[in-house]
Amino acid sequence: MTDQQLALQAVSEAQGILNEYLQPRPHDNERILDRLVEVLERPDLVVAVRRLQQRSSL
């Protein structure tokens, strides 16, 4: 999977989690935050985003 694909997949997952949060029902806010952190701090994603940032600064 390319860096761009990894980033897009993570954004899509994060959007899904946020969409659940926005639904009008009771939430476990701590669990929602934990899920977002799990998605956005995946080691492969962190490395991919770092590479994308480096490429865009050239």
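Residues numbered from 1 in each chain as written. Predicted model: local features only at pLDDT ≥ 70, side-chain atom pairs only at ≥ 80, totals over all residues. Heavy atoms only, no water.

Chemist: What am I meant to see in the pattern of salt bridges here?
Modeler: Under the criterion given, the structure shown has 5 salt bridges. A salt bridge links R51 to D3; the shortest N-O distance between them is 2.6 Å. Pair noted here: R51 is in helix 3 (residues 43-56) and D3 is in helix 1 (residues 3-22), with a separation of 48 residues, a long-range link. By relative accessible area, which is 7% here, D3 ends up buried. Between E20 and R35 there is a salt bridge whose closest N-O contact spans 3.1 Å. Taken together, the positions of E20 in helix 1 and R35 in helix 2 (residues 29-40) put the pair 15 residues apart, joining distant regions of the chain. For E20, a relative accessible area of 32% gives the class partly exposed. In this structure, a network of salt bridges that share partners links the residues D3, R51 and R55. (Salt bridge = Lys/Arg side-chain N within 4 Å of Asp/Glu carboxyl O. Helix = DSSP H or I, 4+ residues; strand = E, 2+ residues; numbered from the N terminus. Buried < 20%, exposed > 50% of the residue type's maximum accessible area, 1.4 Å probe, protein only.)

Chemist: Just checking my understanding: could you explain the packing of helix 1 against helix 2 for this structure?
Modeler: Look at helix 1 against helix 2: their axes get within 9 Å of each other, and the N-to-C directions meet at 175°. It follows from the interaxial angle that helix 1 and helix 2 lie roughly antiparallel. Contacts between helix 1 and helix 2 involve A10, E13, A14, I17, L18, E20 and Y21 from the former and N29, I32, R35, L36, V39 and L40 from the latter. Grouping the constituent residues of the contact of helix 1 with helix 2 by class yields 9 nonpolar, 1 polar and 3 charged. (Axes fitted to C-alpha atoms, helices over the stretch in contact; angles between N-to-C directions. Parallel < 35°, antiparallel > 145°, perpendicular 65-115°, else oblique. Contact = heavy atoms within 4.5 Å. Nonpolar A, V, L, I, M, F, W, Y, C, P; charged D, E, K, R; others polar.)

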